[in-house]
Amino acid sequence: KNIILIIVIGIAFSMILSGIVEYVIKFFPSYNETSKMIGMSMTSILGILAVLLFAPIFEEILFRGMVLSEIKTNINITATVIIQGILFGIYHMNLFQSLYASVLGILLGFICVKTGSVVGSIVAHMTFNICGTFIFPYLVEISGKLAFLYIIAGTVIFIVAAYKFNRFNKKANSCLLYTSPSPRD
């Protein structure tokens, strides 16, 4: 049940973002270059594996595993999740991508902390990348002026799935690759 909720959260966040991109992309011309680079990488099996498999695994181990674990030894878990999310956004080095990647990083940090494992955040990250690369951008492009429906539907689905996920995972855990107690948890 947890994995299904995590997948639904990843799909919903991708829906929301795909709808938002349709309206704000004109304010971020540098993102067009990033999108083209990602699109060009999708022409080979290695490029597809890099974006959909290797990057999510590497980034989750780095940010939700190592960075989150290290920061949480010094500050409370809420601040830790926010800081590692912002660092994840900065890591993407493109203004628009940094904005949504920060929010995604916070969401992935929340999933990691609630499940106590990077596995959940890896699944959500892969789901987000698959939907955000192959599915929703094309559906939004086809539906044109109806992008707001993706935002609304994605938000409703996200709220319901996040609520159920939070209830299913009442106790906040530590998302660690190695165990080190936090003095302020």
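Please read all numbers here as calculations on a predicted model, not as lab measurements.

Caption draft 1: The arrangement of the packing of helix α2 (residues 29-41) against helix α5 (residues 95-115) in detail. One can describe the packing of α2 onto α5 by two numbers: an axis separation of 8 Å at closest approach and a directional angle of 75°. With respect to α5, the axis of α2 lies roughly perpendicular. Of the residues in α5, those in contact with Tyr 31, Thr 34 and Ile 38 of α2 are Phe 96, Gln 97 and Tyr 100. Residues of the contact of α2 with α5, tallied by class, amount to four nonpolar, two polar and no charged.

Caption draft 2: View of the packing of aromatic side chains. Applying the stated criterion across every chain yields a total of eight aromatic pairs. Measuring from ring centre to ring centre gives 6.3 Å for Tyr 100 and Phe 128, while their planes differ by 50°; the resulting arrangement is tilted. Of this pair, Tyr 100 sits in helix α5 while Phe 128 is found in helix α6 (residues 118-143), placing the two residues 28 residues apart along the sequence. Overall, the relative accessible area of 7% leaves Phe 128 in the buried class. Feature note: the residues Phe 13, Phe 28, Phe 96, Tyr 100 and Phe 128 constitute an aromatic cluster, connected by ring pairs. In this arrangement the basic side chain of Arg 64 is found over the ring face of Phe 88, its NZ or CZ atom lying 4.4 Å from the centre.

Rules of the game
- Residues numbered from 1 in each chain as written.
- Predicted model: local features only at pLDDT ≥ 70, side-chain atom pairs only at ≥ 80, totals over all residues.
- Heavy atoms only, no water.
- Axes fitted to C-alpha atoms, helices over the stretch in contact; angles between N-to-C directions.
- Helix = DSSP H or I, 4+ residues; strand = E, 2+ residues; numbered from the N terminus.
- Parallel < 35°, antiparallel > 145°, perpendicular 65-115°, else oblique.
- Contact = heavy atoms within 4.5 Å.
- Nonpolar A, V, L, I, M, F, W, Y, C, P; charged D, E, K, R; others polar.
- Phe/Tyr/Trp six-rings, centres within 6.5 Å; stacked < 30°, edge-to-face > 60°.
- Buried < 20%, exposed > 50% of the residue type's maximum accessible area, 1.4 Å probe, protein only.
- Lys NZ or Arg CZ within 6 Å of the ring centre and 35° of its normal.

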